[in-house]
Amino acid sequence: MEFKIGKSKFVIIQGDITKQATDAIVNAANKYLSPGGGVSGAIHKASGCGLADECKRLKGCKTGEAKITEGYNLPAKHVIHTVGPVYGGKADDKIDLKNSYRNCLLTAAENKLKSISFPSISTGIFGYPVKEAAEIAVKTIADFLKENSQIELVQMILFGNSDFEIYKKTALKYLKKSDKICMNNRAISSDG
Ligand code: AR6
């Protein structure tokens with residue numbers, strides 16, 4: 001599913017983030033930036049050990065922040081590592097998750113990258129409910145693209161089918177009324 005936000009494209013895809021050839025892919029990392037499991041384990045496995053060596057030199061990452069490395073053997077040129085919140089129902093969880101998405105986008109823009117792929121940050125091992133996380137992801141990405149046209153393509157890569165369906169539904173709910181939106185290259189007007 002494809003949307004146009006400002007001058008940029010926002011795409012929601014079911015797939016494996018390690019296969020994406022965007023300028024950067026985002027890693028849902030831990031605060032030590034050690035390989036771990038989940039999407040992080042998959043990214044480290046596909047990149048080769050150069051990534052773990054570079055991560056060690058970065059001396060960790062705080063929740064909501066982002067740090068960039070090379071992509072090594074990945075099709076993506078760079079990995080942007082962010083640490084999402086461990087879900088605990090706290091008010092700060094929402095702010096931390098929003099900061100993770102926003103700081104990854106800012107890091108990509110600062111490094112003059114044109115395309116970036118995100119996984120569903122915090123919704124695996126860190127336990128963030130997917131519907132709530134999808135709302136934050138979609139709104140934060142859309143707000144960023146409305147004010148910043150440097151990033152031409154943002155992809156949300158969902159591993160499982162149910163997550164994919166939730167993100168699509170969320171995007172349709174929150175993006176439908178924006179000025180310029182396309183779905184499968186077909187314009188959707190604000191009245192549907
Ligand atoms: N491509 C796209 N998405 C994936 C892939 C993949 N190859 N593999 C898993 N996912 P998680 P978190 C999805 O647990 O909740 C690590 O150990 C997965 O289905 O990877 O932020 C770190 O070191 C889920 O929807 O990240 C941290 O300690 C989403 O990626 C901790 O887990 C995120 O799940 C971070 O937990």
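We now turn to the structure provided with this report. (Residues numbered from 1 in each chain as written. Predicted model: local features only at pLDDT ≥ 70, side-chain atom pairs only at ≥ 80, totals over all residues. Heavy atoms only, no water.)

## What about the pairing of strand β3 (residues 24–28)?
Part 1: With respect to burial, β3 is a largely interior element, four of its five residues being buried.
Part 2: Examined bridge by bridge, β3 and strand β5 (residues 78–82) share five bridges and lie parallel to one another. By the bridge assignment, A24 is partnered in β5 with H78.
Part 3: One ladder, built from two bridges, connects β3 with strand β6 (residues 115–118); its direction is parallel. Within β6, the residue paired with I25 across the bridge is S117. (Buried < 20%, exposed > 50% of the residue type's maximum accessible area, 1.4 Å probe, protein only. Helix = DSSP H or I, 4+ residues; strand = E, 2+ residues; numbered from the N terminus. Pairing = 2+ DSSP bridges.)

## A short note on the packing of helix α4 (residues 130–147) against helix α5 (residues 161–175)
Part 1: Two elements in contact, α4 and α5, have axes whose closest approach is 9 Å; the angle formed by their N-to-C orientations is 50 degrees. It follows from the interaxial angle that α4 and α5 lie oblique. Read as a crossing pair, α4 and α5 show a hand that is right-handed. Contact residues: V130, K131, A133, A134, E135, A137, V138, K139 and A142 in α4; D163, I166, Y167, T170, A171, Y174 and L175 in α5.
Part 2: In terms of residue class, the contact of α4 with α5 is made up of eleven nonpolar, one polar and four charged. (Axes fitted to C-alpha atoms, helices over the stretch in contact; angles between N-to-C directions. Parallel < 35°, antiparallel > 145°, perpendicular 65-115°, else oblique. Left-handed = near helix turned anticlockwise from the far one by under 90°. Contact = heavy atoms within 4.5 Å. Nonpolar A, V, L, I, M, F, W, Y, C, P; charged D, E, K, R; others polar.)

## Structural notes on the site of the ligand
Part 1: Residues in contact with the ligand amount to 19 residues; listed here are only the nearest, N30, G37, V39, G124 and I125.
Part 2: Side-chain polar atom of D16 to a nitrogen atom of the ligand: 2.8 Å apart, as the coordinates give it.
Part 3: Contacts to the ligand include G37, whose backbone N or O atom sits 2.8 Å from an oxygen atom.
Part 4: Look at the ligand: alone it shows 710 Å² of surface, and the protein chains cover 89% of it.
Part 5: Judged by the proximity of its atoms to the pocket grid, the ligand belongs to the largest pocket.
Part 6: It is helix α1 (residues 38–47) that contributes the most residues to the shell around the ligand, three residues altogether. (Near = heavy atom within 4 Å. Polar contact = N/O pair within 3.5 Å; in protein donor to acceptor, adjacent residues only side chain to side chain. Areas by Shrake-Rupley, 256 points an atom, 1.4 Å probe, with all protein chains shown as cover. 1 Å grid on protein atoms, 1.4 Å probe; cavity = no way out; pocket = protein on both sides within 12 Å on 5 of 7 lines; lining within 4 Å. Sits in = over half its atoms within 2 Å of the grid points.)

## So, the sheet that holds β5
Remark on secondary structure: sheet strands pair via backbone hydrogen bonds, oriented parallel or antiparallel.
Part 1: Here seven strands make up an open sheet; going across it, the order is β1-β2-β7-β6-β3-β5-β4 and the pairing mixed. Edge positions in the sheet fall to β1 (2–5) and β4 (66–70), since each has one partner strand and no second. This sheet shows a mean twist of 25 degrees between the axes of neighbouring strands, independent of strand direction.
Part 2: The sheet contacts of α1 involve β3 and β5, and relative to β3 the element is tilted by about 135 degrees.

## Quick word on the pairing of β6
Part 1: Side chains S115 and S117 project from β6 onto one buried face, and the interleaved I116 and F118 project onto a second face that is buried too.
Part 2: Relative to strand β7 (residues 153–158), β6 is paired through four bridges, and the arrangement is parallel. Its bridge partner lying in β7, S117 is registered against Q155.
Part 3: Following the backbone out of β6, through α4 and into the adjacent parallel β7, one traces a crossover that is right-handed. (Right-handed = clockwise from strand over helix to strand, strands pointing away.)

## What to know about the layout of surface pockets
Part 1: The volume enclosed by the largest pocket comes to roughly 580 Å³.
Part 2: Contributing to the lining of the largest pocket are 26 residues, with A28, G38, V39, S40 and G124 lying nearest its centre.
Part 3: Residue assignment for the lining of the largest pocket shows that the elements contributing at least two residues are α1 and β7.
Part 4: Counting residues per element, the lining of the largest pocket draws most heavily on α1, which supplies four residues.
Part 5: For the lining of the largest pocket, a count of residues per class yields 13 nonpolar, eleven polar and two charged.
Part 6: If you add up the space inside the second largest pocket, you get close to 160 Å³.
Part 7: Contributing to the lining of the second largest pocket are K94, K98, Y128, E132, E135, I136, K139, T140 and D143. (Points joined across faces, edges and corners; volume = space filled by probe spheres on them.)

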